[in-house]
Every structure is written in C-alpha cells, then in structure tokens.
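Analysis of the macromolecular model
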Amino acid sequence: EEWRGSRVESLPITTISIHPKLGVAVVVRKNHGEMEDVIDEVNMRCEWMGMVNRRISLGAKIENVAWIGDKAVFACLDGTIKITSPHSTVVESSQVAASPLFGVSPLGESKAVLISHSSLVYYFNVDKMIILKSISLGIDSRLFSLSTLGECVAIGGLDSIWILNGEKEKKEMRLGRDTQRMGTIVWSVAFVREGVLASGDSTGRVSLWNTKTAIRITSILRHEADVLSLCVLNGKIYAAGVDPTIVVIEETSCEVWKDTLTKRVVTRDVRSMSTWGNAVYGGGADEEVFRIGTKPSSLSVLPIHSHNRVKCEGVYALLTNTDHVLLWNTCNGPSLVAKIFSSHHLPITASCISWDGDTIGISTRQSTSLYSFNGSEVSKVRGDLPSSTILISHSSTIFLVSHNVIYRMESIAGEVEEVYRLDSESLITSLSIDDSCSTLCVISSRCSSFRITLPSLSTAPSSVSLSISLPVLSSFSSSSLFILSSYASSADSQCLFCILPSSASPSSSFSSRSFFKSGFISCITSSHLGLLLSSDEESWSILSSSSQVLALPSPKGKSTEREILSLGVHDNVLRVFSTRSLSPSLLPFKTKRFGMQ
C-alpha cells in the first residue's frame, strides 16, 4: 500500500476486455499475494467517464478475459475458466487444465480457444461447457499470447509463433534471438486483417507477418523494453508495454509499415489494450484506464466513477479500497479517523455511511457487516446481513441491494424486509432515495429506470417506468427526480433529465454546457442548496430548486487531472472529495525484462 499525501494507490490493471455491442468492459486488477483478483464491470458507453455497474468476486487469480457472445470468460491460474454475464449473478466454472491458463480468445459466438502453461491449446464450447479438442505444440514450448480471426488462431510463445487454421493447417514462424542465453518471448499477438499478423516481443520489436507464407514482412523497433500489448483499430496497430510509450503503426503503401505516432500517456507498464467504437482503451501499473481517440490530441486518462466507492455525508467521507475503508473527518481539514478491514480481507463490493456518521456498512460477496461509530471508536454491531452490491443509509433506515433485490431495515438492529425485486435477468446498478424515504429510483443493467413508491406491508409495490436513454446515475431534489444519461455526443447534447413526481416523462432537460464551459457531467448528488454537479475537468456547480445555475469557483491553478469522487454540503460549506492522477513522466525507466522487475 503506497501513500502519496491523502491518496491511496489502487491495484494495477492486468487485462481489459470490452463487449463490442454492449459497451460493457471487464477490468481485472491484480491483487497482492494469494488474494483473489478484483474484477469491475464498467459501463463504457459514456465517452468521458466510465460507470462501475458492479464488482465481481470470483475467488481466483485471473490471467486473461475475453467476451464470447454475451458471456465474459476468464482464464484462471488454477487451470479453470469462470463465466459470467452482465445481466446475471450466476458464475459458471469448469476445470480445463491441470496447469495455469494464460489466454482466452473467441472462436465464433459460442466457442473459445485457451492456451495453458503445459503447451496445450484447448478448443472449448462455452454453451455446453465441454472441451472439444486439445492440441500439443511441443514438450518444451511455452505459450504466452493468443489471438483469433475467424477460424484462424495465432499463438505467441518462446522464440516462435504458431498459426492454426482448421483441422490440418499448422505453421510455425521462428524469431531470432539477440543473445544465446535469453530467448525471445512473444508477449502479444493481434490480427491486423486476414493473412497479416502483428506480434510484440521482449526485445521491444513489433513484427508484421504473412500468415499464409509464414514470412516476416517487417520489424519495427521503437520501444526500449518488452511490448506487452497490441490492438488494432481501423487498420492501425497500437503497441505499448514496459516502455509505456504508445506507438501507432500503419500501412503507408502495399506491405510497407511505418510508425506514424509516438506518445507518452502513462508513467508505467501498459499491460492490456482493447478497442471499442472509435477509440482504444488500455491500462496497466498506473491503475487508471486511458483512452486513445482517432486524433493524436485525444489521448487522455478516463476517470472511472462508481456510486459505491465514496460517500460524503455531513462532516464525514468514506473512501472504499479493495479490502478496507478509510473514514475521514472533513470538518477542520481532512483527517483520517479510522481504517476498517472487511471480513477475511475479501474484496469490498459496497460500502455506506449514514449522514451523521453513526453507522457504517461494508459488504463483500459473502455477507454485509454494520458498524457503529461514536466519534472516536468503531465497533461491529452485526454481520449476518445478505451480500449486497449497493448500500444506502438514509436517516435511521438502511437499504441493501443484493443483485436484483432491494431490502430495507428500519434500524441498525432491525429485521431485513424485502421491498422490491426485479426480474431474474436484470441487475440493479444504481439506487437513489428521496428525502421523505418514500420513493426510490432504480437503474438496472438493461439500461432501464424505475421509480418505486414504497408501500405499506399490506400493499404491493407500484412502479413507473421512465424512458431515458442509457441512464447511469439518479438523484432526488426537494421537488424532482434527476437522471444522468451516458448518451451525449457533445457538451450541447441533453444528458440531465428532470422528472416531476406526478410524471413518467421528463419535464425539462439540460446539457453539460448549461453548467460547465467545458467537460461533461460526471457526478450528481442532492443537498438542501439544490442539485450538486461536478464535471470531469475539476469544476462544480449547483442547480437550485428554481432551475437557476450557480457556478462555483474552481480552485486556483485549474487542473484537468483530478477525479472528483464525491460532493457534499454541511453547514453551507461545500466539501469536495477528489484524487489527483499522476502526470506522465519523462524520466528513464528500468529496462529489465518483464517479470524480472
């Protein structure tokens, strides 16, 4: 755990995979030691920010992930594969190999190809959960990377690249060694188009291959260390690795490839890159997801916002990390009050703090625990509550969301009562409550929003469906419901919608330009002053009950590198909880081989 001021470093990103149609990303972060890796399911449909739908806990160490149809398939170091769906809580598991699985790639809509540490290639049917066949590439071969295009499979290993196509065709392309002792490791392979393959290796080279003739077309050396990740967008190759410089390579004429762009985006290793839409998304040891657009000037770090990571209530702020929460007092300058670990140090899926700071909730995949805080000491009250993905404490009432079910407790020691249940194919990704604690706004994983009026125990819940494009966050003011949509092509597009209590359709809408000169809305929360809004460029404003916009002064030395996590008002004082990302460094980095740092 590394501290820089009041900021706690998170875990490095090892792999990213984005569903090409849904725009849902799976971001895997490597945990310490034998602790299970942390997996976030992120809605990437908004280009200026990502919204964390939920945190998935698989109890395993993950090496790679890929989308097979509408299922996310994880290759684990214990030789198993785990399969999840963005609309289901069910986790399927199958033991494929006795050795670690290093890679997984799609082969159509229902099949996958996997590579293992024992030099075996497995063809797996995801729907039937059976191994179709296995192929050995040699006793002494070691496999590190995998890519598919149609029925053609490319595998990167030690000093070699194998091409498998159908039942009979099998080719091996050999790489040379710079030194006799150290072999050349192919860390990444990616198909550019049919018949052309790109590879990145431990010498820092990006090579282009003709897969039909098994001949190397060219080799480009622009990195000073291992190339760990490759991806292809619109015919262009994006390469990065231990040398975090992003190098863009494109074909200038027939089979003539040159690097056309070199840009430093992050400071440390880039472990994985994936494409979606007209952009490349990647991550690595800097813990942040970066976005590379179609223009050289659109290289940026993408802030990932989550509704359950930070709560700023009254004078207290709760910051959620992997296996612990930090309780801060913001009254007389930020000061750390308490550090509370989760049960068995499991990854935290949700956390909450009451407005007065008396109650703290921490949830994992096994259970939810509640703690009381008297201003100086924290004590555990109960740990028998169901596992939840969202926790909200409203006055003395506590709401828990367990996948697709909403529960309510009238007090910290009260009984758990089921309030509402969505259909089994949907997950609840966001929940907000009005001041009177009588109306809920629910946003599901199927991009639908519901307004629920809490009934007495003898009547059935009534819900009103709201038709809002791609809703991600909601918040109640004293008189209205506001929903933030992720669909906005520009700062002038309508993205914030106001719905009156008696209506099912928006009465008014706002664009980001209504509140900020530049940037998009990234966070909304209610207060007695009005609706608080923050942008992705470290600016904030207030929308009053009379629809007047009050622009608040930004801090001196305006910076676009802050990620505003939460806003809150107490005693007419605005409290902003934020972190600052690291600027890309031009200092030399260590050029040791990857895995030996």
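Residues numbered from 1 in each chain as written. Predicted model: local features only at pLDDT ≥ 70, side-chain atom pairs only at ≥ 80, totals over all residues. Heavy atoms only, no water.

This part takes up the overall build of the protein. Each helix and strand counted, the protein has zero helices and 57 strands in total. Pairs at least 24 residues apart make up 42% of the contacts formed inside the protein by residues separated by at least 6 positions. (Helix = DSSP H or I, 4+ residues; strand = E, 2+ residues; numbered from the N terminus. Contact = heavy atoms within 4.5 Å.)

Here we take up the sheet that holds strand β8 (residues 71-76). Reading across the sheet, the four strands line up as β7-β8-β9-β10 and stay open at both edges, with antiparallel pairing between neighbours. Edge strands, defined here as strands with exactly one partner in the open sheet, are β7 (62-68) and β10 (88-95). For this sheet, the mean angle separating the axes of adjacent strands, direction not counted, is 20°. Examined bridge by bridge, β7 and β8 share six bridges and lie antiparallel to one another. Looking at β8, one finds that Val65 is bridged to Phe74. (Pairing = 2+ DSSP bridges. Axes fitted to C-alpha atoms, helices over the stretch in contact; angles between N-to-C directions.)

Moving on to unusual backbone geometry. Of note in this structure, Ser119 is not a glycine but carries a positive phi near 65°. Within the secondary structure layout, Ser119 lies in the loop between β12 (111-116) and β13 (120-125).

The next point concerns the pattern of salt bridges. One pass over the full model with this rule turns up 18 salt bridges. Note that Asp492 is salt-bridged to Arg513, the shortest N-O span being 3.1 Å. With a gap of 21 residues between them, Asp492 in the loop between β49 (481-485) and β50 (494-499) and Arg513 in the loop between β51 (508-511) and β52 (521-527) connect regions that are remote in the sequence. Since its relative accessible area comes to 47%, Asp492 is described here as partly exposed. Put simply, Lys30, Asp37 and Lys61 are held in one network by salt bridges that share partners. (Salt bridge = Lys/Arg side-chain N within 4 Å of Asp/Glu carboxyl O. Buried < 20%, exposed > 50% of the residue type's maximum accessible area, 1.4 Å probe, protein only.)

If you trace the four strands from one edge of the open sheet to the other, you get β48-β49-β50-β51, paired in antiparallel fashion. Looking at which strands have only one partner, the edges of the open sheet turn out to be β48 (471-476) and β51. The mean inter-strand angle of the sheet, taken between neighbouring strand axes irrespective of direction, is 25°. Relative to β50, β49 runs antiparallel, the two being bridged by four bridges. Within the sheet, the bridge partner assigned to Leu481 lies in β50 and is Ile499.

In this section: the nonpolar core. Counting residues in hydrophobic clusters, the biggest one holds 18 residues, and the most contacted among them are Leu484, Leu496, Phe515, Ile521 and Leu533. Among the elements that take part in this core, β50 stands out by supplying three residues, more than any other. Leu496 has contacts with Phe482, Ile483, Leu484, Ser508, Ser509, Phe510, Phe515, Ile521, Ile524, Leu531 and Leu533, leaving out every residue within four places of it along the chain. Core analysis: the next-biggest nonpolar cluster, separate from the first, contains 17 residues, Phe399, Val401, Ile433 and Phe450 among them. (Core = buried A, V, L, I, M, F, W, Y, C linked by side-chain atoms within 4.5 Å.)

Let's shift gears to the packing of aromatic side chains. Enumeration according to the criterion identifies four aromatic pairs in this entry. Note on Phe510 and Phe515: the rings are 5.7 Å apart at their centroids and 50° apart in plane angle, and the pair reads as tilted. Like Phe515, Phe510 is buried. Taken together, a centroid distance of 6.3 Å and an interplanar angle of 50° make the contact between Phe515 and Phe516 tilted. Taking the relative accessible area as the measure of exposure, Phe515 reaches 7% and is therefore buried. (Phe/Tyr/Trp six-rings, centres within 6.5 Å; stacked < 30°, edge-to-face > 60°.)

Before going further, it helps to examine the pairing of β7. Judged by how many residues are buried, β7 sits mostly within the fold: six of seven residues are covered. Between β7 and β8, which pair antiparallel and follow one another directly, the connecting turn spans two residues, one of which, Gly69, has a positive phi of 65°.

Let's shift gears to the side chain of Ser105. Tracing the chain through its elements places Ser105 in strand β11 (residues 101-106). A polar contact of 2.8 Å, which involves the side chain of Ser105, links it to the side chain of Thr148. (Polar contact = N/O pair within 3.5 Å; in protein donor to acceptor, adjacent residues only side chain to side chain.)

Turning to the environment of Ile56, a few remarks are in order. Summarising the element assignment, Ile56 is placed in strand β6 (residues 50-56). Residue classification places Ile56 among the buried positions, given a relative accessible area of 6%. A sequence separation of 308 residues divides Ile56 from Thr364, and the C-alpha atoms of the two residues are 9.9 Å apart.

Along the chain, the position of Thr322 falls in the loop between β33 (316-320) and β34 (324-329). With a relative accessible area of 17%, Thr322 lands in the buried category. Apart from residues lying up to four places away in sequence, Thr322 is in contact with Leu11, Asn31, Val38, Arg55, Leu346, Pro347 and Ile348.

As a further point, take the environment of Val472. Tracing the backbone through its elements, the reader meets Val472 in strand β48. With a relative accessible area of 7%, Val472 lands in the buried category. In the structure, Val472 is positioned 30 residues away from Val442 in sequence and 10.0 Å away in space, judged by C-alpha atoms. Not counting residues up to four positions away in its chain, the partners in contact with Val472 are Asn43, Met49, Met51, Ser430, Ile443, Leu484, Ser485 and Ser486.

Before going further, it helps to examine the confidence of the model for the protein. This prediction gives the protein a mean pLDDT of 84; 89% of its residues lie at or above 70. Of all helices and strands in the protein, the one with the weakest mean pLDDT is strand β1 (residues 3-4) (39), whereas β8 scores best (96). Note on residues 1-9: pLDDT is under 50 here. Beyond four places in sequence and across chains, it has 19 contacts. Segment residues 582-592 is flagged for pLDDT under 50; beyond a separation of four residues in sequence, or across chains, it makes 21 contacts in the model. (pLDDT = per-residue confidence, 0-100.)

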